[in-house]
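Residue-level structure breakdown
In case you want the letters, here they are:
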Amino acid sequence: MEYPQTLLSLGSNLRVKPANLMTVPKALIVRLGAMGDVLHALPAVAVLRRALPEAHIGWVVEKRWRELLCAPEAELTGSRSVGRPLVDAVHLMDTHTWRRHLLGSETRRDFQSAIGGMRAQQYDVALDLQGAIKSAMMAKLAGVQLTLGFRHPREHLARWLYGLLVDGHPAHVIEQNLEVVQRWLEEIGLSRATSTLQPGAALLPRDKASEARLDALLRTMGLARSPLAILNPGAGWGAKQWAPARYGELATRLAARGLRPVINYGPGEESLAREAVAASGTSAVALSTSLSELMALARRAQLFVGGDTGPMHLAALLGVRTIALFGPTDPARNGPYWAGTQVLRDPASTTSYSHNRTSDAGLEKITVERVMAEIDALLD
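The rules we used
Residues numbered from 1 in each chain as written. Predicted model: local features only at pLDDT ≥ 70, side-chain atom pairs only at ≥ 80, totals over all residues. Heavy atoms only, no water. Helix = DSSP H or I, 4+ residues; strand = E, 2+ residues; numbered from the N terminus. Expected span 1.5 Å × (residues − 1). Bend = angle between axes of the 7 residues up to and from the residue. Buried < 20%, exposed > 50% of the residue type's maximum accessible area, 1.4 Å probe, protein only. Contact = heavy atoms within 4.5 Å. Core = buried A, V, L, I, M, F, W, Y, C linked by side-chain atoms within 4.5 Å. Pairing = 2+ DSSP bridges. Right-handed = clockwise from strand over helix to strand, strands pointing away.

1. Examining the environment of Leu259
Looking at the secondary structure, you find Leu259 in the loop between helix H8 (244–256) and strand E8 (260–264). Through-space distance from the C-alpha of Leu259 to that of Pro227 is 5.3 Å; in sequence the pair is 32 residues apart.

What follows is the structure in structure tokens.
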């Protein structure tokens, strides 16, 4: 508990501003990460935006996931635009760096600046969609009048920092997030929003510079006019990863079908990408991108194949035809939510979130032939 106590101590040095008295509601979304979780929160926040078009909505998020909410060249606050389409303000935290230098003067300055930025907005309410002690503390330190959170959060102690508890009964995390939004709308006297959850590119920012870089890169690779299939061998931990050699074999099959396979990889996944490309012969190319460039790439793709990982959820949200390969995580809770997606999971897989590095037995039973048959059905 040393880390939470230190953060609360740092925040106590900041004076809480008076409660906001404006008639326009001001809501703070607290979902710090990770990539897939931020994407899972976007549809519920979009429902909030449609229910209260004039509301001032802020979002506190880890610095590394900024581009999911705000394009690199866009301002973090101000009028909404294609570079920041959903929220009015983005508040960046860098808790990973702060933990490494917890007692440093730079950490103190950065943390107090971040908290001060939230307090300056004078939010009425915080909606904690993460359910962790860290996220609940961020809501408390923002100086809001009310914090909503799950009755049974991921970290049980977080609930003691909430003023209003939400049951979160639905199976899928996207619908659980919507329950928090709906409960607050009821609290301020509005009927439950009738807007349905919707995917779509409008929820995510667009960055012209990133799109131009991606287009130039595709031209140099000879892919500018090709129908693309993104294959993503990486995942958060080993048990969620389908064998990279199978991605390579799948790439060969897709190339024969007329698609150009692109192996997408992130930091630390270089070896997975190399193995997949080697197994494909000359069929696939590897490509590492920024988040904004990955969004641009997904918007140009015909197909995405990958495990339970952020890029897969990004592709599904953007409406890309998606094959999701699941092993130890539960697709009923974390799977792709939208039409045009297909989940493959073998009965040998059992639900576990223990971050096991070893291969999942059920995931290994999913063959290239089975994946290719689902691709044919999905595309045809």
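Okay, back to it.
2. Here we look at helix H2 (residues 35–51)
Over its 17 residues, H2 runs 25 Å from end to end, which matches the ideal 24 Å to within 8%, given 1.5 Å per residue. Where H2 bends most, the angle comes to about 30°, and this point is Leu42, followed within four residues by the proline Pro43. Burial analysis of H2 places 14 of its 17 residues in the buried class, which makes it a mostly covered element.

3. Let's talk about helix H6 (residues 173–187)
In this model, H6 (15 residues) spans 21 Å end to end at C-alpha, consistent with the 21 Å of a helix rising 1.5 Å per residue. Among the residues of H6, those classed as buried are Val173, Ile174, Gln176, Asn177, Leu178, Val180, Val181, Gln182, Trp184 and Leu185. Buried residues in H6 make contact with strand E1 (26–30), H2, strand E4 (125–128), strand E5 (146–150), strand E6 (164–166) and helix H12 (331–334). One or two positions beyond H6, positive phi appears at Gly189, with a value near 95°.

4. Section: the nonpolar core
By size, the foremost hydrophobic cluster in this structure holds 67 residues, and its most contacted members are Leu48, Trp59, Leu127 and Leu297. A per-element tally of this core places H2 first, with ten residues. For Trp59, the residues in contact, after removing those within four places along its chain, are Leu28, Ile29, Arg31, Val38, Ala41, Leu42, Val45, Leu69, Val87, Ala89, Val90 and His91. Within the second largest apolar cluster, 24 residues are counted, among which are Leu231, Ala251, Ala284 and Val368.

5. Let's talk about the pairing of E1
Counting buried residues along E1, five of its five residues qualify, which places the element largely inside the surrounding structure. Relative to strand E2 (residues 56–62), E1 runs parallel, the two being bridged by five bridges. If you follow Ala27 over to E2, its bridge partner there is Ile57. Considered for its hand, the β-α-β crossover made up of E1, H2 and E2 is right-handed.

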